[in-house]
Amino acid sequence: MSNSQTLLVTGGAGFIGGNFVRLLLATEPDVRIVNLDALTYAGNLASIRDCLEQRHHTFVRGDIANAELVRHLLQGHKITGIINFAAESHVDRSITGPKVFIDTNVGGTLNLLWNARECGVKRFLQVSTDEVYGSLGDSGYFREDTPISPNSPYSASKASADHLVQAFHHTYGLDTVITRCSNNYGAWQFPEKMIPLMIRNAMADKPLPVYGDGLNVRDWLHVLDHCRAIWTAFSKGRAGQVYNVGGNSEKTNLDVVHTILRGLGKPDSLISFVKDRPGHDRRYAIDAGKIRRELGWEPQMKFESGIRDTIAWYQANRAWMDEVTSGDYQKYYDQMYGKRGQA
Ligand code: NAD
Ligand code: TDX
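None of these values were measured; they are calculated from a predicted model. (Residues numbered from 1 in each chain as written. Chains lettered and ligands numbered in written order. Predicted model: local features only at pLDDT ≥ 70, side-chain atom pairs only at ≥ 80, totals over all residues. Heavy atoms only, no water.)

Enquirer: Can you walk me through the site of ligand 1 in this structure?
Expert: Around ligand 1, the structure places 28 residues, and the nearest of them are I16, D37, S89, Y154 and K158. Separating a nitrogen atom of ligand 1 from a side-chain N or O atom of T104 is a distance of 3.1 Å. In this structure, an oxygen atom belonging to ligand 1 sits 2.7 Å away from a side-chain N or O atom of K158. Computed on the free molecule, ligand 1 has an accessible area of 830 Å², of which 96% lies beneath the protein chains in the complex. Listed by contribution, the elements that provide at least two residues to the shell around ligand 1 are α1 (15–27), β5 (123–129) and α6 (153–172). Broken down by element, the residue count for the shell around ligand 1 peaks at 3 residues, all from β5. (Near = heavy atom within 4 Å. Polar contact = N/O pair within 3.5 Å; in protein donor to acceptor, adjacent residues only side chain to side chain. Areas by Shrake-Rupley, 256 points an atom, 1.4 Å probe, with all protein chains shown as cover. Helix = DSSP H or I, 4+ residues; strand = E, 2+ residues; numbered from the N terminus.)

Encoded structure:
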């Protein structure tokens, strides 16, 4: 594909989308970005302030499920490709309120696909997740041909969106690519997710709420490695394909929490075991051999240095943390963690 293009990036004021927009503006001078984001609790202009004035970046506040708006943007900006990050992304919130997950993750994706097809968009990349594959036991890895078997309302909504993407490729011939990645960490992540939540609490000497026995395993992927994988898959991936993206960094939650405590010089006594997440997936692990073999992508960051940099970033960016947690965050935290209590 030629490098001169105008992309609709959705969810570009969120954690991964914001990192992606910043990376592309810095590395791809021929790419223009129209960034469509509803600015939910998880989307913050404070996360992309440095991108807002850049010539090749246009920010639009709006809902990916708004058909008229999406069509207007695709036609008005002559959009050549769509990269869909926009989603409700937190598993715990999907357990207490699943409807908005269907509205955005399924309805919003369908609206983008339909209008992409109507307006002749050349490529559609869906940012998906390893959670669509369900949960693993002690051994094995998710491959692209692992059966889809989601367990939470969040992962069910992402799996539904993936099926729609595949259906648009199969039925209408839309050029689509799906990436399914493991857990991301890094700068600008909203502190409802495990790593920034634990860093924030530890910095304030507050308890670190570990669900269940803390032995659930996640494969940690640095957000910038993920962003590079998405750009590689978008630029070089084969139409209709799925690419798994992983960090080669399996850790138990307890391992991660201990690393954070050590990194901040805080005592293990801050760990508090709380009631488990209902339906909590035990282990995720990705086989990323396909994207490595076909497209030459591999993660560059080691977890040990990545987490050190991430802790330092949150220490240096307390003002950002305070800003994004100043709205409904405290209410959310009290409701979610008040109910969990001690294990
Ligand atoms: P995030 O919650 O930080 O950001 C989501 C963004 O989407 C926010 O800016 C929000 O305002 C926006 N948004 C939500 N609803 C919208 C709507 N209806 N219309 C327009 N914008 C809307 O999420 P994230 O962690 O950056 O995740 C980005 C994508 O990556 C999601 O699709 C998620 O499912 C996927 N993913 C995330 C991870 C992870 O570890 N964070 C792992 C695998 C996959
Ligand atoms: O307070 C907590 N205590 C705790 O023990 C939180 C918030 C989480 N956890 C555990 C649950 C998980 O085993 O930590 C692990 C990671 O939890 P999350 O950060 O909520 O991530 P997870 O549920 O694994 O999902 C993430 O990865 C896949 C993203 O949020 C999804 O958007 C992505 O699709």
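Enquirer: Whenever I open this one, the pattern of salt bridges confuses me. Can you help?
Expert: It is possible for side chains bearing opposite charge to pair when their charged atoms get close. This model, assessed by the stated rule, comprises 18 salt bridges. R143 is paired through a salt bridge with D145; the nearest N and O atoms lie 3.0 Å apart. Classification of D145 by relative accessible area gives exposed; the value is 56%. (Salt bridge = Lys/Arg side-chain N within 4 Å of Asp/Glu carboxyl O. Buried < 20%, exposed > 50% of the residue type's maximum accessible area, 1.4 Å probe, protein only.)

Enquirer: I tried to follow the packing of helix α3 (residues 67–76) against helix α5 (residues 99–118) on my own but got confused; where do I start?
Expert: In a packed pair of helices, the relevant descriptors are the angle between the two axes and the axis-to-axis distance. Close contact between α3 and α5 brings their axes to 10 Å; oriented N to C, the two are set at 40°. With respect to their mutual orientation, α3 and α5 come out oblique. Helix-helix and strand crossings are classified by hand; for α3 and α5 the assignment is right-handed. Between α3 and α5, the residues in contact are A67, V70, R71 and L74 and N111, L112, N115, A116 and E118, respectively. Each residue belonging to the contact of α3 with α5 can be placed in one class, and the counts come to 5 nonpolar, 2 polar and 2 charged. (Axes fitted to C-alpha atoms, helices over the stretch in contact; angles between N-to-C directions. Parallel < 35°, antiparallel > 145°, perpendicular 65-115°, else oblique. Left-handed = near helix turned anticlockwise from the far one by under 90°. Contact = heavy atoms within 4.5 Å. Nonpolar A, V, L, I, M, F, W, Y, C, P; charged D, E, K, R; others polar.)

Enquirer: What exactly am I supposed to notice about the domain arrangement of the protein here?
Expert: Interface size is commonly expressed as the accessible area that is lost once the parts come together. Per the domain assignment, the segments of the protein are domain 1 (5–184 + 223–245) and domain 2 (185–218 + 249–280 + 302–331). If you average the C-alpha positions of domain 1 and of domain 2, the two centres end up 25 Å apart. Of the residues lining the interface, 19 residues belong to domain 1; the matching set on domain 2 comes to 16 residues. Roughly 1600 Å² is buried in total at the junction of domain 1 and domain 2, and carbon and sulfur atoms are behind 47% of that figure. Three residues, F15, H90 and D92, lead the burial of domain 1 against domain 2; their summed loss comes to 26% of the area buried on that side. Between domain 1 and domain 2 we count 3 salt bridges in total. For D92, the salt bridge is made with R277, and the minimal N-O distance between the two is 2.7 Å. The tally of links from domain 1 across to domain 2 stands at 11 residue pairs in polar contact (both at pLDDT 80 or more). (Domains from an automatic or database assignment. Buried area = accessible area lost by both parts, 1.4 Å probe.)

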